[in-house]
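Descriptive structure summary
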Amino acid sequence: MVNTTVQVVAATASPSVTRPLQLRQFAFFDAHPVKDVHDLASPPEIFKNASEISTVASSSAGLLVADIHGSIHTLNKEFVSTTSWVAHVGGRVMHMAERNGVLVTIGEESAVRGSLLKIWDLGKTDKRNQAPVLLKSAKVQPSNKPHPVSCFALSSALSFLAIGLADGTVLLYRHLDQSLSSTTSLTALPKTRIIHESSPEPITGLGFRELPSPTNADAKDNNLHLFIVTTNTVHLYHVSGKGSGGSSVLLDDIGCGLGCAVMDWRAEKIVLARDEAVYAYGLHGREPPYAYEGYKSSIHTHLNYVIVVSPPTTATTTSSATRKLAAQAAGGDGDASRVTVFDMENKVVGYTGVFAEGIREVISEWGNIYILTNNGQLTRLAEKSTSAKLSMLYAKALYPLALSLAQTQHLDESYVADIHRQHGDHLYTKGDWDGAMTCYLKTIGWVKPSYVVRKFLDAQRIHNLVTYLQELHALGLANADHTTLLLNTYTKLKDVARLDSFIKTESRRSGAAESNGDLPFDLDTAIRVCRQAGYFDHASYLAKRYKRHEEYLRVMIEDAGKYGEALTYLRHLGAVAAESNLARYGRAMLDNLPEETTQLLIDLCTISGPLIIPEAEDTTPQQSSAPANAPSYLSYLALSRAPAPEDKVEESNPDKEEDLTEPQTTQPSAPTPSKDKRPSPTLYFAHFVDHPSYFVRFLESVAARRWGQSLSSLPSSLLDTSLDKDEDLEKYNQAAVWNTLLELYLDGGSPEQQEKALKVLTSDSLPCDKTHALILCSSYSYTRGLVILWEKLGMYEDILRFWMDRHNTSPSESSASTEVVQALVRYGPTHPHLYELVLRFLTSTPELLTRHQADVEKILEHIEKERIIPPLGVVQILSRNGVASVGLVKDWLMGRIKEAREEVQTDQQLINSYQLETNAKLKQVAELEDPMHAKVFSVTRCSQCSGQLDLPSVHFMCNHSYHQRCLLDHETECPLCVRQHGIIQEIRRNNERMADQHELFLADVQDNGFKVLAGGFGKGVLNMTRLDDVAV
């Protein structure tokens, strides 16, 4: 077997005018001899007598082999006969084809004149002869003079059967499948129709152009056609569909010999083999042929390959003597043949080989090509794997051919992308950057972008890199790094036009994806890179286009310094987004636009809904200027400096694209007003640290418009506070606002502001924290405020001590001591403990005692009257220093001593009476306990009915006697004494319970220690004897 180079010519419309074309040749097939399964030294047994084989056909049941004796054999993959039967008795099988388990044979029989058509069901077996069931059998005789059958064609659905005769006649059987299902006679077939006559030119080839398959959806013609080939012409007949039934149409005046016409593997074109070329015909005529010069014996198809059998020489003038000489040189018997396997779609030769013994049959079965020689040798041509074929093409850098092969083989897209990658690598090594990039662009989605990007990072190839990155973004496969790299290349090249085009084009492409939240590039990265490169207009455009409010404000405030546009943008954002962004940029906005920013903050904290510019007259009270020094009130505020949450604003798709050259004043669509809770004013306190006057205005306006609270009027009950559902939070906000306002008033120092501070302190309706206000007044030494707050807090002792400290600081001033006395007059009746404090103060120095001697006497009289301090306590107070004399309190002491003596005398009398009574009780108890002392009952009347006592009577030790009838049954206690004794026992039980309640007893001791202890001893609580332990 010899491989040679094949010369092929691409022919034009006329075979005589050709253009030479060198087709590349590859060893896509490996030749392997096939041996008998039982004798590995010999070919399969069935083919030993190859000269007796008449025809071979592929089928779903296996390989069908017919011989000249009329028998048909079914072979398996080991070429062993599994089924055999005589199809044509005494004759031979000339043609056969199988479709869907139905076999059609045309042959001759000794008993029949002419050709005989038989149809077999391979799926069913006749029990009589173990052969397939014969469905139909009929003669093929269109006229009285029979002609041999030269070829035939069977449609894939068994609907049509076409038979070509040697006299140029073509017979057509319609609806053949329907006749097979009928139960009529064996010879009943559809009526034949002569559709073509070309006498004396015999029919050399037939083929049905099948309906397009689901995978071939691009086919425009859905009708069934029949190609008719004679020795000199090619015709096309419309078999079924619209316009069918007419005469055949001439496609070309070039025909071919018998066995040199075959349908391609898609059943769309018919391929003809002539000595000068190989032609292909479709519905519209001849297509560009390939002129494979040389005599052709036959043509066959195998998948996408066309197999041409020819003598081993290519000259058209080769004689039989020359062919015989070439065969003898190859070791044959003079019938040597060459087999050439063409891939017509990819324009390559996949195999070529010479078989010296000559070729009997070419078989396409089980995915392989089988060559049966005249001496019975069988050779298998096994196609190499696709990867092996691609490797061969890669070795010769035939990447376009490899790509065409991959598409023909319907390989996965990953294989196609790998071919493009290798092609790109090849072009890259040759320095063809543009060609390499064209290949790399087709690998997007299958090859990692980093593989390509690394190759084009050089400055000389940056334009190719831009092309790749742009396509990567257009397909939505770019990540943040790719976006960064692309934008950096734009900025490095200073190509503003392409940067504009990229941003605007990508924005337009992402219109549909935007609603799904899927953008073709990383938005955050794009904005960041534009900011870093100084393209603030582009960064702000992207931020506004995709509703990134925070990024837009960051660009406008931190980078571009366009505070006015940022403020207007904030107003149109809505309350939620403006709240979080002002928490970040409020201080910067106040530093540059204090008036407008203050008004925006006021509206934000007081309005629920769109933050439009108010048209009504501003009712904010005018504030006096404040010093620029930073106030100290921030030390009292619990401000949150944590980052604000992400913006949560309802987004709306833009109707049209914005221009980067327009001023950045286009406002975002305002969200629909919603019943959202207004933000807390405390969130923005820290921004006013350098703007106290605007801070006062902000706080007063918020208090007046949000809660209806001001210094000139009471809180309004008509304000809508239903939006602020958290009442505790609102109370906290109100207190924070007024606490801060008070500090600002006190820090101002002007009389007007101190007057406002006084109004805040004296108002009972304003929610000012009194403790916080007390700290502020103390810090700013605001005396009037301190006194007012102490009064409101009930800290009267602090008021007295304040004036006392004031007197100690300036002893010469009499106003302080006078304030002490006046305060005692106001607060003393309700707080008696203040008298002792004032008494100590007025007797602390001779000057005070001299100045307030009358006041001291009044204090002593009030103490005596209300029993506030015991006499000993008064003496101790007055005697602690040498300021007060004895004569000052002589009369008061004598009266108190006299009262004490009388009280002692009264107590002594009570003690004596209690002692006598106790002794009498003890004596009575002793008599009762003495067993030797007889008890005499001298009572004569019943204690119950007061009647004369008679027997039977009952006497009790308590000197009470009763008639027995006056007592209840089983009554063992005196009815009169038992009630008194029960009261005493109940008192004892109550005392016992009190003895167990230690916490209550200790609380009483803290209030009146000695009195409670004495009462405890008197009631026996401290030395209680349980009633349970006492025997009755």
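Residues numbered from 1 in each chain as written. Predicted model: local features only at pLDDT ≥ 70, side-chain atom pairs only at ≥ 80, totals over all residues. Heavy atoms only, no water.

Our focus in this paragraph is the sheet that holds strand β5 (residues 53-59). The four strands lie next to each other as β5-β6-β7-β8, forming an open sheet whose pairing is antiparallel. One side of each edge strand has no neighbouring strand; the edge strands of this open sheet are β5 and β8 (81-86). Taken pair by pair, the neighbouring strands of this sheet meet at an average axis angle of 20°, ignoring direction. (Pairing = 2+ DSSP bridges. Helix = DSSP H or I, 4+ residues; strand = E, 2+ residues; numbered from the N terminus. Axes fitted to C-alpha atoms, helices over the stretch in contact; angles between N-to-C directions.)

Our next topic: the environment of E365. Looking at where E365 falls in the secondary structure, it is placed in strand β29 (residues 359-365). Residues E365 and S60, spaced 305 residues apart in sequence, show a C-alpha to C-alpha distance of 10.0 Å. Leaving out residues up to four positions away in the same chain, E365 has contacts with S58, S59, G62, L63 and Y370. (Contact = heavy atoms within 4.5 Å.)

Core analysis: the largest hydrophobic core is formed by 122 residues, its most contacted members being L553, F698 and L742. It is helix α19 (residues 727-748) that provides the largest number of residues to this core, a total of eight residues. If sequence neighbours within four positions are ignored, L742 has contacts with A757, V760, L761, C768, A773 and L776. (Core = buried A, V, L, I, M, F, W, Y, C linked by side-chain atoms within 4.5 Å. Buried < 20%, exposed > 50% of the residue type's maximum accessible area, 1.4 Å probe, protein only.)

Our focus in this paragraph is the pairing of strand β25 (residues 298-302). Along β25, four of the five residues are buried, which leaves the element largely enclosed by surrounding structure. Inspection of the sheet shows β25 paired to strand β26 (residues 305-310) by five bridges, in the antiparallel sense. Following the sheet pairing, I299 is matched in β26 by V308. Hairpin connection, β25 to β26: the antiparallel pair is bridged by two residues, and L303 has positive phi, about 55°.

Before going further, it helps to examine the environment of L477. Note on placement: L477 falls in the loop between α8 (462-474) and α9 (480-493). With 28 residues separating them along the chain, L477 and P449 place their C-alpha atoms 9.1 Å apart.

The next thing to look at is unusual backbone geometry. Here the bond from S199 into P200 is cis, since omega is 10°, no more than 30 degrees from zero. Of note, P200 is situated in the loop between β16 (193-197) and β17 (203-209). Cis peptide bonds are those with omega within 30 degrees of zero, and the linkage from L951 to P952 qualifies with -10°. Along the polypeptide, P952 turns up in the loop between α29 (890-929) and β32 (953-955). In this model, F79 sits at a positive phi of 60°, which is unusual for a non-glycine residue. Within the element layout of this structure, F79 appears in the loop between β7 (71-75) and β8. A residue is classified by how much of its surface remains accessible, and F79, at 5% relative accessible area, is buried.

Turning our eyes to something else, we now look at the packing of aromatic side chains. Evaluated as defined, the whole model comprises 19 aromatic pairs. Ring centres of Y394 and Y399 lie 5.7 Å apart, and the angle between their planes is 25°; on these two criteria the pair is classed as stacked. In this pair, the class of Y394 matches that of Y399, namely buried. Centroid distance Y428 to W433: 5.0 Å. Interplanar angle 65°. Geometry classified as edge-to-face. Its relative accessible area of 18% is what places Y428 among the buried residues. Each member of the aromatic cluster is reached from another via a ring pair, and the members are F47, F79, W366 and Y370. When the ring centre of F28 is taken as reference, the NZ or CZ atom of K389 above it lies at 5.6 Å. (Phe/Tyr/Trp six-rings, centres within 6.5 Å; stacked < 30°, edge-to-face > 60°. Lys NZ or Arg CZ within 6 Å of the ring centre and 35° of its normal.)

Next up on the list: the pairing of strand β23 (residues 278-282). Extensive coverage of β23 is indicated by the burial of five of its five residues. Across the two faces of β23 the burial is the same, with V278, A280 and G282 and Y279 and Y281 all buried. By the bridge criterion, four bridges tie strand β22 (residues 270-273) to β23 in an arrangement that is antiparallel. Paired with L272 across the strands is Y279, a residue of β23. Hairpin connection, β22 to β23: the antiparallel pair is bridged by four residues. Adjacent in sequence and paired antiparallel, β23 and strand β24 (residues 285-292) are bridged by two residues.

A word on the confidence of the model for the protein. Of all residues in the protein, 83% attain a pLDDT of 70 or more, and the chain-wide mean is 78. Note that pLDDT drops below 50 for residues 214-219; the model gives that stretch three contacts with residues more than four away or on any other chain. The low-confidence segment residues 314-333 (pLDDT under 50) makes 19 contacts with residues lying over four places distant or belonging to another chain. (pLDDT = per-residue confidence, 0-100.)

What follows covers a nonpolar patch on the surface. On the surface, L928, F937 and M957 cluster together into a nonpolar patch covering about 260 Å² of accessible area. You can see M957 is positioned in the loop between β32 and β33 (961-963). (Patch = residues over 30% accessible without salt bridge, like charges linked within 9 Å, V, L, I, M, F, W, Y side chains within 5 Å. Areas by Shrake-Rupley, 256 points an atom, 1.4 Å probe, with all protein chains shown as cover. Salt bridge = Lys/Arg side-chain N within 4 Å of Asp/Glu carboxyl O.)

Attention now goes to helix α3 (residues 386-395). Residues K389, L390, L393 and Y394 constitute the buried set of α3. End-on view of α3: buried residues confined to an arc of 140°, all on one side of the axis. Summarising the contacts, the buried residues of α3 are in contact with β26, β31 (378-383), α4 (399-408) and α5 (413-429). Remark: A397 follows α3 within two positions and exhibits a positive phi of approximately 60°. (Arc of directions from axis to C-beta.)

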